[in-house]
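Residue-level structure breakdown
One letter stands for each residue in the lines below.
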Amino acid sequence: MRRFKMPTAYTILLGIVLLMILLTWIVPSGQYEYNADGEPIAGSYHRVEDAAQPVTALVTAPIEGFYQGIDIAAFILMVGGFLGVIAKTGAIDAGITHIIRKLKGRESLLIPILMCAFALGGTTFGMAEETIAFYPLVLPIMIAAGYDNITAVAVILLGAGVGTLGSTVNPFATGIASGFAGVSLGSGILLRVVILLVLLALTIWYVMAYAARVKADHSKSLMADRRSDFLEHFSSLKPEDDKPLTGVQKLALILFGLTFLVMIYSVIPFDEMGLPIPTLGWWFSELSALFLAASILLGLLCRLDEQELVTSLVSGAAELLGVAFIIGISRGITVVMNNGRITDTILNLGEGALTG
């Protein structure tokens, strides 16, 4: 009997696009009235002419979705290019092996430290899309520490997710909700802090327990069949190597850290929090420019010639091209729902279920 093999993310997403196309033939079309801020007005839902989508939308919707998500896709490619340039200096591999060597026997400390950092981002400004840039960094660290790729994803996804669930001062969640409720942002903050701490503690314990099982027996990994692929990909990471960081590598790592700090600072809405700190209000276009500029600056400071800089930038972006394609296909789901006018119908069903 042939064993079931999990399809790729592309196939799964295309399957969901097809499902949405079928739903446009079943779910009645409808729309809300929208205010000046583009928010639906409660109670304004009304039926409109049905707009069932053709089967050809299976290939046209992802292309339209790619156009709509080009800002995120460009950001991902620029992050990949930046990582490609810094990889050319050897700083990433050297830095990772340095961290693992320093934490020899205490690698598990990486999990609570990183999860607390991502939870802090989630609870303060709803860190979500911003975590995309950290996956290529955390993944090799966790693999080199003896864990698996799911541990790396869990550290980022669950850390930021729990932080957002316990949004203490998150202006995009708690701020908007408190505004509608007519109360201050600080109202109920003690309860939100308790929720944050309890959920974060439970999540850290859960991830550490899974990571410990994987490290003790790699066959316990939920992706044990792919471990050899990841080990081959990160074969250059050898924590036992005792080579000190060179001056160029230290400079590259400093610029690397500063770039991510600038990214985090630039997206935090301090003005929405009522803090007297300048707010940059950057988003994906500015962040893409940040990583492109950092790539060029890194190449100049580390004395890469023009060909080395361009080649490493392009090859690094190519590494994340598949992720950019996923952005387009996943946006295609929304395109089908919007063109079929069933998005507001589904929202209306949710509104009716929650009324009262």
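Residues numbered from 1 in each chain as written. Predicted model: local features only at pLDDT ≥ 70, side-chain atom pairs only at ≥ 80, totals over all residues. Heavy atoms only, no water.

To continue, consider the packing of helix α7 (residues 149-165) against helix α9 (residues 189-216). As a packed pair, α7 and α9 sit with axes 9 Å apart at the nearest point and diverge in direction by 170°. By the angle class used here, α7 and α9 are roughly antiparallel. The segment α7 lies against α9, with Ile-150, Thr-151, Ala-154, Val-155, Leu-158, Val-162, Gly-163 and Leu-165 engaging Leu-196, Leu-199, Leu-200, Thr-203, Val-207, Tyr-210 and Ala-211. Grouping the constituent residues of the contact of α7 with α9 by class yields twelve nonpolar, three polar and no charged. (Axes fitted to C-alpha atoms, helices over the stretch in contact; angles between N-to-C directions. Helix = DSSP H or I, 4+ residues; strand = E, 2+ residues; numbered from the N terminus. Parallel < 35°, antiparallel > 145°, perpendicular 65-115°, else oblique. Contact = heavy atoms within 4.5 Å. Nonpolar A, V, L, I, M, F, W, Y, C, P; charged D, E, K, R; others polar.)

Our focus in this paragraph is the side chain of Ser-295. Relative to the helices and strands, Ser-295 is located in helix α13 (residues 284-301). We classify Ser-295 as buried; its relative accessible area is 0%. For Ser-295, the side chain forms a polar contact with the main-chain nitrogen of Phe-82, separated by 3.5 Å. In this structure, Ser-295 is in contact with Met-78, Gly-81, Phe-82, Val-85, Leu-309 and Leu-313, ignoring residues within four places of it in sequence. (Buried < 20%, exposed > 50% of the residue type's maximum accessible area, 1.4 Å probe, protein only. Polar contact = N/O pair within 3.5 Å; in protein donor to acceptor, adjacent residues only side chain to side chain.)

Attention shifts here to the side chain of Asp-148. With respect to the helices and strands, Asp-148 occurs in the loop between α6 (135-144) and α7. Here Thr-151 takes part through its side chain, which lies 2.6 Å from a polar atom of the side chain of Asp-148. Polar side-chain contacts of Asp-148 include one of 2.6 Å to the side chain of Ser-221.

Moving on to the confidence of the model for the protein. Reading fine detail from the predicted coordinates is not recommended where pLDDT is low. Here the protein shows a mean pLDDT of 83. Residues at 70 or above account for 88%. Across the protein, the secondary-structure element scoring lowest on mean pLDDT is helix α8 (residues 171-181), at 65, and the one scoring highest is helix α1 (residues 9-24), at 93. (pLDDT = per-residue confidence, 0-100.)

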